[in-house]
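The chain contents come next:
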Amino acid sequence: MPLFVDASRSNGQAILLKEVRLSNFFRRIFSRIDFLWEIRTIVAMGIQIFFVAIGVIFLLGIFVIFLRRKRKLSGSDFQKFSTKILETKTLDPAHAILESHKIFAAALGKIIGENAKKMTAAARVSQFQKRFPNQKQIWNFHRLRNRIAHETDARVSSVQADQARENFVRALRSLTR
């Protein structure tokens with residue numbers, strides 16, 4: 001191999017031209033490898049962030065579906081509660097409305113679960129009122145029940161008691177669908 005002198009160096013050291021070219025070649029390759037390694041690291045972080053975001057979106061979706069699901073009354077529970085409501089026919093009208101309302105509120109509590117123990121009957125009714133086809137009647141009978149419970153001179157006819165029973169059963173039926 002011929003020896004060439006690098007004219008740019010003042011000390012006159014001889015350098016093999018091939019060695020210079022080879023060292024520059026490796027320097028360029030290693031700088032490119034470092035650059036590629038940095039790109040790989042950035043891409044890997046991007047992929048991780050992407051999968052974490054997908055996971056979070058999936059969990060939020062499950063949470064929303066869980067919150068938005070309609071809670072229903074099972075067919076056997078509907079039969080049990082509606083039978084109990086209809087059995088109040090033997091009671092006097094005022095007592096029949098009180099009992100029917102209590103059974104209706106218990107049915108709503110069955111759907112709600114553990115939190116129902118902390119809720120009033122009105123809170124239970126308000127939670128499901130949009131699903132009742134007869135929500136005005138339910139609220140009217142709820143107010144009538146409150147009048148019976150809190151006033152001494154509240155008068156109730158047997159027709160009102162029958163209508164209350166029918167409306168409570170109708171509202172429960174709407175919760176089975």
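Conventions we followed
- Throughout this description, residue numbers start from 1 for each chain and increase along the sequence as written.
- With the structure being a predicted model, the display of local features is reserved for residues of pLDDT at least 70 and the display and counting of side-chain atom pairs for 80 or more, all residues being used for whole-chain, interface and lining totals.
- In computing side-chain properties, one takes all heavy atoms of the structure into account and sets aside hydrogens as well as water.
- Here, nonpolar core means buried Ala, Val, Leu, Ile, Met, Phe, Trp, Tyr and Cys residues that are tied together by side-chain atoms lying within 4.5 Å of each other.
- The buried label applies to any residue whose accessible area, calculated with a 1.4 Å probe on protein chains only, is under 20% of its type's maximum; exposed applies above 50%, and partly exposed to all values in between.
- Secondary structure elements are defined from DSSP: runs of H or I of at least 4 residues count as helices, runs of E of at least 2 residues count as strands, and each element is numbered from the N terminus.
- When checking whether two residues touch, look at their non-hydrogen atoms; a contact exists if any pair is within 4.5 Å.
- Each residue after the first adds 1.5 Å to the expected span of a helix.

1. With respect to the nonpolar core
Line of reasoning, step 1. Membership of the largest hydrophobic core comes to 29 residues, with the highest contact counts inside it found for F104, F132, L172 and L175.
Line of reasoning, step 2. When contributions to this core are tallied by element, the ones reaching two or more residues are α2 (75–86), α3 (93–112), α4 (121–128), α5 (135–150) and α6 (158–174).
Line of reasoning, step 3. When residues in this core are grouped by element, the largest group, eight residues, is from α3.
Line of reasoning, step 4. Not counting residues up to four positions away in its chain, the partners in contact with L172 are L73, F78, F81, I85, F104 and A107.

2. Thoughts on α6
Line of reasoning, step 1. With 17 residues, α6 extends 25 Å between its outermost C-alpha atoms, agreeing within 8% with the 24 Å of an ideal straight helix rising 1.5 Å per residue.
Line of reasoning, step 2. Residues of α6 that are buried: A161, A164, R165, N167, F168, V169, A171, L172 and S174.

3. A few points about the environment of H142
Line of reasoning, step 1. Along the polypeptide, H142 turns up in helix α5.
Line of reasoning, step 2. According to the relative accessible area criterion, H142 is buried, its value standing at 7%.
Line of reasoning, step 3. Through-space distance from the C-alpha of H142 to that of V125 is 8.9 Å; in sequence the pair is 17 residues apart.
Line of reasoning, step 4. In contact with H142, other than residues within four places in its own chain, are H101, A121 and A122.

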